[in-house]
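# What the coordinates show
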Amino acid sequence: MRQIPVDTTGAVVMVAQPPQPKIANRQTGEVATDRDTGAPLMTVDVMFVMNGNAEILSLTVPETGFTGELTTGTPVGLTGVVARPWENEFNGQKRPGISFRAIAVTSLAADAGKPKAA
């Protein structure tokens, strides 16, 4: 599947909704897992602000990829973000979209309180 790297270096990113388990089957409540590692997957909504434009992105991240406390409004750093185009067909209707995945989401809240070196 095609993956498109996402450059986050000039963006301000903060948590919009804290991480939640990604559900693979709504009827059974089964949590989705990474195909390669078997790690449980989580989703986290982030506000991504760049060049005066803000977007809410829902990222899929392995459970092991979270560092620090991630509550609403926490500034975060993103590692290894990729966009994946997708298309589903339901009742003869095609529905395209883009999903986002990250290797890691790291809280930057601890850095905010530290004095900066001169």
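Overview of the structure. Quick caveat, the model's predicted, so the values are computed rather than measured. (Residues numbered from 1 in each chain as written. Predicted model: local features only at pLDDT ≥ 70, side-chain atom pairs only at ≥ 80, totals over all residues. Heavy atoms only, no water.)

### Some details on the environment of Gly65
Applied cut-off: A run of H or I in DSSP counts as a helix once it spans at least four residues, and a run of E counts as a strand once it spans at least two, with each numbered from the N terminus. Contacts are assigned to residue pairs that have any heavy atoms within 4.5 Å of one another.
For Gly65, the location among the structural elements is in the loop between strand S6 (53-62) and strand S7 (66-67). Along the primary structure Gly65 and Asp7 are separated by 58 residues, whereas in three dimensions their C-alpha atoms are 18 Å apart. In contact with Gly65, other than residues within four places in its own chain, are Ile103, Ala104 and Val105.

### A few points about the nonpolar core
Operational definition: Here, nonpolar core means buried Ala, Val, Leu, Ile, Met, Phe, Trp, Tyr and Cys residues that are tied together by side-chain atoms lying within 4.5 Å of each other. Only protein chains enter the accessibility calculation, which uses a 1.4 Å probe; a residue is then buried when its area is under 20% of its type maximum, exposed when over 50%, and partly exposed in between.
Val44, Leu59, Val76 and Val105 are the most contacted members of the largest nonpolar core, which totals 19 residues. Of all the secondary-structure elements, those providing two or more residues to this core are strand S2 (12-21), strand S5 (41-50), S6 and strand S8 (76-79). When sequence neighbours within four positions are dropped, the list of residues in contact with Val44 reads Val15, Gln17, Pro18, Pro19, Leu57, Ser58, Leu59, Val61, Phe66 and Val105.

### Section: the sheet that holds S2
To be explicit about the condition: In short, DSSP must find at least two bridges between two strands for them to pair.
In spatial order, the strands read S1-S9-S10-S6-S5-S2; together these six strands make up an open sheet with mixed pairing. The sheet terminates laterally at strand S1 (4-5) and S2, the two strands that pair on one side only. Here S1 runs beside strand S9 (residues 82-90); their pairing, made up of two bridges, is antiparallel. Counterpart to Pro5 in the pairing with S9 is Val82.

### Notes on the pairing of S6
Sheet topology places S5 next to S6; 10 bridges connect them, and they run antiparallel. Paired with Thr43 across the two strands is Thr60, which belongs to S6. Here S5 hands over to S6 after two residues, with Asn51 in that stretch at a positive phi of 55°. In this sheet, strand S10 (residues 93-101) lies alongside S6 in parallel orientation, the contact comprising two bridges. Within the sheet, the bridge partner assigned to Thr60 lies in S10 and is Arg101.

### With respect to the pattern of salt bridges
Applicable threshold: Put simply, a salt bridge is a Lys or Arg side-chain nitrogen that is within 4 Å of an Asp or Glu carboxyl oxygen.
Tallying each qualifying case throughout the model produces two salt bridges. Two residues, Asp34 and Arg101, come together in a salt bridge whose shortest N-O distance is 2.2 Å. A residue pair is termed long-range when its members are at least 10 positions apart, and Asp34 in the loop between strand S4 (30-31) and S5 and Arg101 in strand S10 qualify at 67 residues. Of the two residues, Asp34 and Arg101, both sit in the buried class. For Glu87, the salt bridge goes to Lys94, with nearest N and O atoms at 4.0 Å. We classify Glu87 as partly exposed; its relative accessible area is 49%.

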